[in-house]
Amino acid sequence: MASAGSSFPGSTNSLSVIGPQYCTPYPIDLRIVKKVMTISDGNFVVTDSAGNILFKVKGVLLTFIHQRRHLLDAAGIPIVTLQSK
């Protein structure tokens, strides 16, 4: 069942979990590029097809139990922290 504010197909409402400034009204191709020469595992960037950096993902050192990663915008401003259960 779709609740009010969900973005399921056929729903007239939409919901932005992180923020509408990170949403586009059309599909775009994204590429994930892992930086090989880093001390911390899990650091990579998300680019568009032209190579422009849209997001950065940084793994946090010494969080093996919680496996946290920070999603940053292109300027390096934190958007959200992702944590595996």
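Structure: see above.
Residues numbered from 1 in each chain as written. Predicted model: local features only at pLDDT ≥ 70, side-chain atom pairs only at ≥ 80, totals over all residues. Heavy atoms only, no water.

This paragraph deals with the pairing of strand β2 (residues 44-48). For β2, the buried fraction is high: four of the five residues fall into the buried class. Taken together, the five bridges between strand β1 (residues 30-34) and β2 define a ladder with antiparallel strand orientation. What sits directly across from L30, in β2, is D48. Pairing geometry for β2 and strand β3 (residues 53-59), over four bridges, is antiparallel. (Buried < 20%, exposed > 50% of the residue type's maximum accessible area, 1.4 Å probe, protein only. Helix = DSSP H or I, 4+ residues; strand = E, 2+ residues; numbered from the N terminus. Pairing = 2+ DSSP bridges.)

This part takes up the environment of N43. Examined against the element boundaries, N43 turns out to sit in the loop between β1 and β2. Measuring from C-alpha to C-alpha, the distance between N43 and K58 comes to 4.5 Å, with 15 residues separating the pair along the chain.

With that settled, consider the side chain of T47. Counting through the fold element by element, T47 comes out in strand β2. For T47, a relative accessible area of 8% gives the class buried. Beyond its immediate stretch of four places on either side in the chain, T47 contacts D29, L30, R31, V33, N52, I53 and L54. (Contact = heavy atoms within 4.5 Å.)

Now for the packing of aromatic side chains. According to the stated counting rule, one finds one aromatic pair in the structure shown. Taking the centre distance of 5.8 Å and the plane angle of 45° together, the rings of Y22 and F55 count as tilted. Placement of the pair is Y22 in the segment before β1 and F55 in strand β3, with a sequence separation of 33 residues. Looking at Y22, the relative accessible area reads 31%, which means it is partly exposed. (Phe/Tyr/Trp six-rings, centres within 6.5 Å; stacked < 30°, edge-to-face > 60°.)

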